[in-house]
Every structure is written in C-alpha cells, then in structure tokens.
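Results of the structural survey
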Amino acid sequence: MRRIALAAALVLLAGCASAGPTGVAGVTRELRQRGVDPASVVIPFEITDEMRTWVHARVTSAGDPEQRLDRLLAAIVGPSGLALSYEGGSTNTAREAFATRTANCLGFTSLFVGLARELGIPAFYLGVDDVERFERE
C-alpha cells in the first residue's frame, strides 16, 4: 500500500513538475483539488524540521545557486556530512534516506530535491526517456 501511495505521488509530481506545485503545501492543495486525501499519499521530497536545521547549518546561503548545489551535494555524500551510501534494493523518501543514510537513485533525488527547495533553489524531478547507452569492452 505504501509503495502505491509513493508511486501515485511520483506520477502526480512528474505530471506537474515544471508548472505545478513544488512545496508540500502546494502538493497537498493540488491533491485535495483532485479529490485525493493528502494523508493517503507519501510526498517523497518532504523533509523534517531536523533536516531543515541540518541543511541550513551545512550549506551557507552565499554564492549562486550552482555553488550552493555543489555544497549541498558535498554535504549529502561527503564523509563529514551524511556520507549517504547507495543501496539499490529499495526506493525511499527523503526522510528515510536522511534517517538511514542510504538511498537508491530515486531516494537520493528525493532527498536532494527536498533539501535544495528548502534552501530556496528551484529543483525538480525530471524524467529522461532518451538515455545514452554505454558498453564496456
């Protein structure tokens, strides 16, 4: 059931990533307008107060958005930060990735998007259908 709710939230977000709501309040409002109980949906990029405090302590507001994103990335994956490690077996939310310090690519993306948005940086999920393929010889 939880995975269905997560998938529903991702589909909703993917459909309105560039023009729709980017915050939890906006997503909640959009869900209500569509007749969906927000309590039944997991918002994958939602962060906690602890995460807010952590990101503001680690990533200064100085510099342009690209510099702040670089600092955010270092804080998430660096050994003196979260030291987030890859775990391919499950997809987790931003909250779960922060708590367990593990994530797959989508869990990492949810964490990164949620924390970047908290820093005031417009970050979005983007579906890429045209993926280059590489082979190792």
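Quick summary incoming for the structure in this document. Since this is a predicted model, take the numbers as computed values, not measurements.

Digging into the overall build of the protein chain
The secondary structure content of the protein chain amounts to 6 helices and 2 strands. Taking all 137 residues of the protein chain together, the buried fraction comes to 37%. Long-range contacts, defined here as pairs at least 24 residues apart, represent 49% of the contacts in the protein chain between residues at least 6 apart. When the accessible area of the protein chain is evaluated, it comes to approximately 8500 Å², of which 54% is carbon and sulfur surface.

Section: the side chain of R117
Mapped onto the elements of the fold, R117 is located in helix α6 (residues 105–118). Although R117 is buried, it makes no salt bridge; E118 carries the closest opposite charge, 10 Å away. Among the polar contacts made by the side chain of R117, one reaches the main-chain carbonyl oxygen of A123 at a distance of 2.7 Å. In contact with R117, not counting residues within four places along its chain, are T22, G23, F45, A123 and F124.

Re the environment of E66
Mapping E66 onto the fold places it in helix α4 (residues 65–77). According to the relative accessible area criterion, E66 is exposed, its value standing at 59%.

Description of the packing of aromatic side chains
Each aromatic ring pair is summarised here by two numbers: the centre-to-centre distance and the angle between the ring planes. This structure, assessed with the given rule, holds 2 aromatic pairs. Consider the rings of W54 and F98, whose centres lie 5.5 Å apart with planes at 75°: the pair is edge-to-face. In this pair, W54 is assigned in helix α3 (residues 49–58) and F98 in helix α5 (residues 94–100), connecting sequence segments 44 residues apart. With respect to class, W54 is no different from F98; both count as buried. The side chain of R101 reaches across the aromatic face of F98, ending 4.8 Å from its centre. Note that R117 overlies the ring of F45, its terminal NZ or CZ placed 4.5 Å from the centroid.

So, the layout of surface pockets
Looking at the largest pocket, its volume works out to about 210 Å³. Along its surface, the largest pocket is lined by 13 residues, and G23, V24, F45, G114 and R117 are the ones closest to its centre. Class assignment of the residues belonging to the lining of the largest pocket gives a composition of 6 nonpolar, 3 polar and 4 charged.

A word on α6
Compared with the 20 Å implied by 1.5 Å per residue over 14 residues, the 20 Å span of α6 between its first and last C-alpha is a close match. By the burial criterion, the buried members of α6 are G107, S110, L111, F112, V113, G114, L115, A116 and R117. If you follow the buried residues of α6, they end up packed against α3, α4, α5 and β2 (102–103). Where α6 starts, the residue carrying a side-chain oxygen 3.1 Å from the main-chain nitrogen of L106 turns out to be N104. Backbone geometry just after α6 places G120 at a positive phi near 85°.

So, how was this worked out
- Residues numbered from 1 in each chain as written.
- Predicted model: local features only at pLDDT ≥ 70, side-chain atom pairs only at ≥ 80, totals over all residues.
- Heavy atoms only, no water.
- Helix = DSSP H or I, 4+ residues; strand = E, 2+ residues; numbered from the N terminus.
- Buried < 20%, exposed > 50% of the residue type's maximum accessible area, 1.4 Å probe, protein only.
- Contact = heavy atoms within 4.5 Å.
- Areas by Shrake-Rupley, 256 points an atom, 1.4 Å probe, with all protein chains shown as cover.
- Lys, Arg positive; Asp, Glu negative; His and termini not counted.
- Salt bridge = Lys/Arg side-chain N within 4 Å of Asp/Glu carboxyl O.
- Polar contact = N/O pair within 3.5 Å; in protein donor to acceptor, adjacent residues only side chain to side chain.
- Phe/Tyr/Trp six-rings, centres within 6.5 Å; stacked < 30°, edge-to-face > 60°.
- Lys NZ or Arg CZ within 6 Å of the ring centre and 35° of its normal.
- 1 Å grid on protein atoms, 1.4 Å probe; cavity = no way out; pocket = protein on both sides within 12 Å on 5 of 7 lines; lining within 4 Å.
- Points joined across faces, edges and corners; volume = space filled by probe spheres on them.
- Nonpolar A, V, L, I, M, F, W, Y, C, P; charged D, E, K, R; others polar.
- Expected span 1.5 Å × (residues − 1).

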